[in-house]
Amino acid sequence: MTSSVLITGGTGTLGRHVTPLLLDAGCKVRVLSRRGGDPSDGVEHVTGDLLAGEGIEAAVDGAETVLHLAGGPKGDDAATRNLARAVSRAGARHLVHISVIGADRMPLGWFRTQLGAEEAVTGSGVPWTMLRAAQFHDLVLGVVRKMAALPAVPAPGGLRFQPVDARDVASRLAELTLGEPAGLVDDLAGPAVYGMADLVREYLRVRGKRRAMVPVRIPGKVGRAYRAGDNLTLEGADLGGRTWEDFLAERLG
Ligand SMILES: NC(=O)c1ccc[n+]([C@@H]2O[C@H](COP(=O)([O-])OP(=O)(O)OC[C@H]3O[C@@H](n4cnc5c(N)ncnc54)[C@H](OP(=O)(O)O)[C@@H]3O)[C@@H](O)[C@H]2O)c1
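Residues numbered from 1 in each chain as written. Predicted model: local features only at pLDDT ≥ 70, side-chain atom pairs only at ≥ 80, totals over all residues.

Observations concerning the environment of glycine 157
Put simply, the rule reads: Numbering of helices and strands starts at the N terminus; helices are DSSP runs of H or I of at least 4 residues and strands are runs of E of at least 2. Counting other C-beta atoms within 10 Å of a residue's C-beta gives its exposure: the residue is buried at 20 or more, exposed at 12 or fewer, and partly exposed in between, where C-beta atoms are placed from the backbone. It is the C-beta atoms, placed from the backbone, that decide contacts: two residues are in contact if theirs lie within 7 Å.
Tracing the chain through its elements places glycine 157 in the loop between β7 (152-156) and β8 (160-161). Using a count of 14 C-beta atoms within 10 Å as the deciding quantity, one classes glycine 157 as partly exposed. Considered as a pair, glycine 157 and leucine 14 are 143 residues apart in the sequence and their alpha carbons are 29 Å apart. Once residues within four sequence positions are removed from consideration, glycine 157 is found in contact with Pro215 and Arg217.

Observations concerning the site of the ligand
We count it as follows: To decide whether a residue is near a molecule or strand, its C-beta atom is placed from the backbone and checked for lying within 6 Å of it. Polar here means any residue outside two lists: the nonpolar Ala, Val, Leu, Ile, Met, Phe, Trp, Tyr, Cys and Pro, and the charged Asp, Glu, Lys and Arg; Gly therefore counts as polar.
Not every one of the 26 residues close to the ligand is listed here, only the nearest: Gly9, Gly12, Arg34, Arg35 and Gly71. Breaking the shell around the ligand down by element, the ones donating at least two residues are β2 (28-33) and β5 (94-100). For the shell around the ligand, the residue count by class is twelve nonpolar, eleven polar and three charged.

Here's the deal with the environment of isoleucine 56
Turning to its location among the elements, isoleucine 56 is positioned in helix α2 (residues 56-60). As for isoleucine 56 and leucine 248, which are separated by 192 residues in sequence, their C-alpha atoms are 37 Å apart. Not counting the four nearest positions on each side in its chain, isoleucine 56 is found in contact with Gly48, Leu50, Asn82, Leu83 and Ala86.

Considering the UniProt feature "domain: NAD(P)-binding" (unreviewed entry) in the protein chain
Put simply, the rule is: UniProt positions are given in the numbering used here, feature names are shortened, and annotations may be inferred rather than shown by experiment.
Mapped onto the present numbering, the UniProt feature "domain: NAD(P)-binding" (unreviewed entry) falls on residues 9-138. End C-alpha atoms of residues 9-138 are separated by 16 Å, and the span's content is 35% helix alongside 21% strand.

Observations regarding the nonpolar core
The cut-off we apply is this: We call a set of buried Ala, Val, Leu, Ile, Met, Phe, Trp, Tyr and Cys residues a nonpolar core when their C-beta atoms link them within 7 Å.
Val60, Val87, Leu95, Ala133, Val169, Leu173 and Leu199 are the most contacted members of the largest nonpolar core, which has 68 residues in total. Per-element tally for this core: the top contributor is helix α6 (residues 166-178), with six residues. Residues contacting leucine 95, with those up to four places away along its chain left out, are Val66, His68, Ala84, Val87, Val121, Ser124, Val126 and Trp128.

Here's the deal with the environment of threonine 129
Relative to the elements of secondary structure, threonine 129 occurs in strand β6 (residues 128-133). What makes threonine 129 buried here is the crowd of 22 C-beta atoms within 10 Å. When the C-alpha positions of threonine 129 and serine 88 are compared, they lie 14 Å apart, and in sequence the two are 41 residues distant. Beyond its immediate chain neighbours, meaning those up to four positions away, threonine 129 contacts His94, Val96, Leu176, Pro181, Ala182, Gly183 and Val185.

Some points on the packing of helix α5 (residues 137-148) against helix α7 (residues 196-207)
Heads up, the condition is: Axis angles are defined between N-to-C directions and span 0 to 180 degrees, where every axis is a line fitted to C-alpha atoms and, for a helix, only to the segment in contact. Here the angle decides the label: under 35 degrees means roughly parallel, over 145 means roughly antiparallel, 65 to 115 means roughly perpendicular, and every other value means oblique.
Two elements in contact, α5 and α7, have axes whose closest approach is 10 Å; the angle formed by their N-to-C orientations is 75°. Regarding the angle of α5 to α7, the classification is roughly perpendicular. Between α5, through Val140, Val144, Met147 and Ala148, and α7, the contact on the second element is made entirely by Leu199, Val200, Tyr203 and Leu204. Looking at side-chain class alone, the contact of α5 with α7 contains eight nonpolar, no polar and no charged residues.

Right, here's the structure in full:
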């Protein structure tokens with residue numbers, strides 16, 4: 001049974017859901033982030049920067065398991081290499097990593113850095129578990145809000161998502177963190193596949209708004225990859241229980 005866990009990025013969208021689950025399971029939890037967190041939540045908060053290589057040794061010291069959730073728009077590969085080196089040196093017994101569906105296929109810079117982060121974990125020499133998840137509802141809501149603020153909403157043909165609720169991802173990650181190293185586990189996606197226009201339409205409906213939709217085509221190899229569904233796992237994924245409609249009703253209803 002894991003008793004001492006370091007969660008990198010435990011103050012983020014996903015981290016805020018996973019942390020209480022691990023505390024409830026009886027783990028001693030330390031959270032690493034750049035800005036720190038509220039110590040009243042029963043967690044030891046430490047500050048450090050994985051990308052700048054600051055504060056990592058102190059953060060991993062004594063952790064049996066490291067759950068790596070910290071991430072950002074840039075540099076997740078380098079940040080994860082810095083973390084993986086320190087985890088290996090500290091002798092932790094399990095490194096659990098969240099990645100994204102399509103990390104191994106999508107020809108886009110951010111996905112490539114996610115693949116680099118995966119390679120840092122698998123090459124670390126530390127026994128590992130990795131879960132690739134679809135886009136979280138929260139992230140999709142941010143995108144859809146911006147699109148719906150435009151006078152006419154671009155609707156890229158063939159662009160589909162399987163948005164998953166961060167709470168469903170958190171439950172699965174808590175289970176994996178408490179278990180033994182399992183390698184690459186089944187992907188976790190939301191319960192339904194939506195076109196971009198469907199996601200925006202449901203948002204507009206809940207907000208009582210109307211907007212014109214303008215079909216657009218994503219050019220080049222990125223467009224081809226999206227149209228081929230390289231960002232999706234249509235077969236063999238575990239599916240979260242909460243739909244986009246459930247999420248919007250709860251968040252905005
Ligand atoms: N969002 C999605 O749709 C999605 C889908 C699949 C996988 N993922 C992966 O899931 C993970 C968590 O996503 P999220 O949406 O919860 O992210 P988030 O809300 O942006 O939270 C990121 C967390 O990482 C910390 N952090 C960022 N850069 C750091 C650094 N250089 N050093 C130390 N801590 C750092 C942040 O705290 P500070 O800012 O205080 O440092 C925060 O606690 C990410 O790795 C992401 O790639 C996300």
